[in-house]
Amino acid sequence: MLLDHDSCYRAVAAKDARFDGQFVTAVRTTGIYCRPSCPVPPPRSRNVEFLRTAAAAQTAGYRACRRCLPDAVPGSPEWNLRADAAGRAMRLIADGVVERDGVPGLASRLGYSPRQLGRILTSEVGAGPLALARAQRAHTARILVETTPLGLADVAFAAGFGSVRQFNDTVRAVYGVPPSQLRAEAARRSRTREPGPPGALVLRLPYRSPFDPHGLLDHLAARAVDGVEAVTGGTYRRTLRLPHGPAVVALDLTARAGAVVATLRTSDPRDVGPAVSRLRRLLDLDADPLAVDAVLGADDALAPLVAATPGIRLAGTVDPAETAVRTVLGQQVSVAAARTAAARLAAVHGTPLPAELRDDDGPHLVFPGPGTLADADIAGPARRASSLRGLCAALADGTLALDPGRDPDGLRAELCALPGIGPWSAGYLAMRVLGDPDELLASDLAVRRGAEALGLPGDEAALTARAHAWAPWRSYAATHLWRAATSAATTTPRRNA
């Protein structure tokens, strides 16, 4: 898929950071690719080409600029918006599926043959799945080389490379220097590095401004499960269940402009890449807030909310199975009641965090997985317990797949086929698990109360009709309406799990 050359060049000439992550600038005369906001003087227009991904640039023989680090930017918001095979594949590759399951495993999840998937990705983003995974590995390797004391051989295998030689060759090809030089350059910059506790990896997770950290913190604090999560000041802490073991993270949303600071401890360094991908989805850091605010701000009813809270984000998830369980627990009860039920479930069935990952005053339980809950004795109403066990059994045996590569409509249909899960829960999970940006949840009581508070229709059908103008950002509109309901209501809204 071609990019408009003149539009892209204007963004590069203006050093417009809003386009970082949406395309890269490949300079033919130097063989280097950069982010649009690279601080060096822009090259001449005739000497550049614009590519959608770093992987496409690497496939074409370009190496990354070590000054602007074009891979250290927010991801393209296009992959959150698109529900086609290319968009779903990009989300799964970012989660490390190719490293764990190979290209056949990735293709199988998407319902294509490896050859079909390769053709689709090459056509849409300029690189096949192996090249995209290679770019992801190179980015993870650079993070580990620059920010950890791991030996370079350990970094190679932690980043997903099959051999040290492959690791060395890839780093040289992508960054133009061997890994040892990347580490030496990072050491010279170490005085500007974020401080961190021993054994922890401190990362900057960049985002596009504007950004509403306080709304996300309020959302997370209201739902924080004791033992699993905690919010203190501007920091959200929680345990993680990652592909190779448990982890714990502290996310400081307010300490630094332009980026969330993540302090991550993993039990296996191979999980750094998947952890970063999931944390970005949790906080919706790849969103394009200007595009969202432009559409919603054009509506007279929503305009005051958009002006008061620019850069609103959708709270996502780091653990789709956990979110599904908590969604069922939150059906037809208050937020506080759902939080209490989830805390009891974690206290009885959760897994203690290993001592080497634990802080004295931090979260200490990993939320129970679906395999544990499928046959568990779950306290509470019998019908809800039965629904939870059925959901967890489907997740445990693979009958139901909950991952960011799912097609939203297909996922909704499969969820609704399970006992005790209706359209509201299915839509809510599409919003939280897939990051579906266009789910209004018009049946939600709090959404309708928020609409009424703004003088919009409170009837589901009328509100749905009124909201057509908000596409494709109706999930963000729902978030505004939830907040409007919270401000206007005298009781806690229901069904906002």
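For the structure, see preceding data.
Notes on the structure in this doc start here.

Rules used throughout
- Residues numbered from 1 in each chain as written.
- Predicted model: local features only at pLDDT ≥ 70, side-chain atom pairs only at ≥ 80, totals over all residues.
- Heavy atoms only, no water.
- Helix = DSSP H or I, 4+ residues; strand = E, 2+ residues; numbered from the N terminus.
- Buried < 20%, exposed > 50% of the residue type's maximum accessible area, 1.4 Å probe, protein only.
- Polar contact = N/O pair within 3.5 Å; in protein donor to acceptor, adjacent residues only side chain to side chain.
- Contact = heavy atoms within 4.5 Å.
- Axes fitted to C-alpha atoms, helices over the stretch in contact; angles between N-to-C directions.
- Parallel < 35°, antiparallel > 145°, perpendicular 65-115°, else oblique.
- Left-handed = near helix turned anticlockwise from the far one by under 90°.
- Nonpolar A, V, L, I, M, F, W, Y, C, P; charged D, E, K, R; others polar.
- Arc of directions from axis to C-beta.

To continue, consider the side chain of Glu322. Inspection of the secondary structure assignment puts Glu322 in helix α15 (residues 320-329). Given a relative accessible area of 4%, Glu322 falls into the buried group. Among the polar contacts made by the side chain of Glu322, one reaches the side chain of Arg238 at a distance of 2.7 Å. In contact with Glu322, other than residues within four places in its own chain, are Arg238 and Phe367.

In this section: the packing of helix α7 (residues 129-147) against helix α10 (residues 179-188). Put simply, α7 and α10 touch, their axes get as near as 8 Å, and they point 50° apart. Relative to α10, α7 is oriented oblique. The way α7 lies across α10 gives a crossing that is right-handed. For the pair α7 and α10, the contacting residues are Arg142, Leu144, Val145 and Glu146 in the first and Pro179, Leu182, Arg183 and Ala186 in the second. For the contact of α7 with α10, the residue count by class is five nonpolar, no polar and three charged.

This part is about helix α21 (residues 445-453). Within the sequence span of α21, burial applies to Ala446, Val447, Gly450 and Ala451. For α21, the buried positions fall inside an angular range of 140° around the axis, keeping them on one side. Tucked inside the fold, the buried residues of α21 contact α22 (460-466) and α23 (474-488). In this structure Asp444 caps α21, since a side-chain oxygen of it lies 2.9 Å from the backbone nitrogen of Ala446. Note on α21: the residue one or two positions beyond its end, Gly455, has a positive phi of about 80°.

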